[in-house]
Amino acid sequence: MTILSIANLRLLVDISTHKSDIIVTNSLESVEVNFIKKFYKDSLFIYILNNLNVSPPSALVELILGGGTYEDNISPPKSFHLYGLNKAIALLTYCDLMIKQTSITRFGATNKNDQYSTKPNVDDSIIQINRYRETAIAYLKEIDYMLINCDETEFSTGDQAIIEIYREENNNEVKRLFEAFE
């Protein structure tokens, strides 16, 4: 089970319907394990998975996944905007798929777009991958900042509990992980 479904992924980024669902699922799982679960730890990751399709929906999970605005817990409160975890996962998955699209053959690296293979422009691919990766990491940082600084009293008791657990577990560890990627 992944946080982002293949159908929602295809709504957020342009992925061909001809791309195998197995390959797309593998990329989604890889992104979620290597970025999302690693950065936000098991407790928040599992909380999001357990609250994906519940009724009534968790306000915190909806905010984290879909983005939106929130206020911090400083007086006077200041409003912030999140782009959301779904967009970050989509961008990172797209990067992973761009890398996987290039196949190594006896003629070197090629892209198989039709019955013919073409040499990819490696520099353009790297620029695009890095741009999407940096954007996704910025979205992930926004979520970390929100979880550390939001006014948790605006959320339900269960949401408040996971925010407190997140704050205790991470204690600037996530910030150090993000700085390693800069």
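From a predicted model like this one, the values you see are computed outputs, not experimental measurements.

Rules used in this analysis
Residues numbered from 1 in each chain as written. Predicted model: local features only at pLDDT ≥ 70, side-chain atom pairs only at ≥ 80, totals over all residues. Heavy atoms only, no water. Helix = DSSP H or I, 4+ residues; strand = E, 2+ residues; numbered from the N terminus. Buried < 20%, exposed > 50% of the residue type's maximum accessible area, 1.4 Å probe, protein only. Polar contact = N/O pair within 3.5 Å; in protein donor to acceptor, adjacent residues only side chain to side chain. Contact = heavy atoms within 4.5 Å. Phe/Tyr/Trp six-rings, centres within 6.5 Å; stacked < 30°, edge-to-face > 60°. Salt bridge = Lys/Arg side-chain N within 4 Å of Asp/Glu carboxyl O. Expected span 1.5 Å × (residues − 1).

Looking at where N51 falls in the secondary structure, it is placed in the loop between α2 (21–50) and α3 (59–66). N51 sits in the buried class, given a relative accessible area of 16%. At 2.8 Å, the side chain of N51 forms a polar contact with the backbone oxygen of Y47. Discounting residues that sit within four places of it in the chain, N51 has contacts with S58 and V61.

This paragraph deals with the packing of aromatic side chains. What characterises a pair of aromatic rings is the spacing of the ring centres plus the angle enclosed by the ring planes. Counted under the stated rule, the structure contains six aromatic pairs. When the ring of Y40 is compared with that of Y166, the centres are 6.1 Å apart and the planes differ by 45°; the resulting orientation is tilted. With Y40 in helix α2 and Y166 in helix α6 (residues 157–170), this residue pair connects regions lying 126 residues apart in the sequence. Accessibility assignment for this pair places Y40 and Y166 in one class, buried.

Another aspect to go through is the pattern of salt bridges. On inspection of all chains with the given rule, the structure shows four salt bridges. Note that D42 is salt-bridged to K37, the shortest N-O span being 3.4 Å. For the salt bridge of E164 with R167, the shortest nitrogen-to-oxygen distance reads 3.4 Å. Residue E164 and its partner R167 are both found in helix α6; the two are separated by three residues, about one turn of the helix.

Another point: helix α4 (residues 85–101). Counting along an α-helix, one turn takes 3.6 residues, and residues three or four places apart therefore face a common direction. Helix length check: α4, at 17 residues, gives a terminal C-alpha distance of 24 Å against a target of 24 Å (1.5 Å per residue), a fit within 8%. Counting buried positions over the 17 residues of α4 gives 13, a clear majority of the element.

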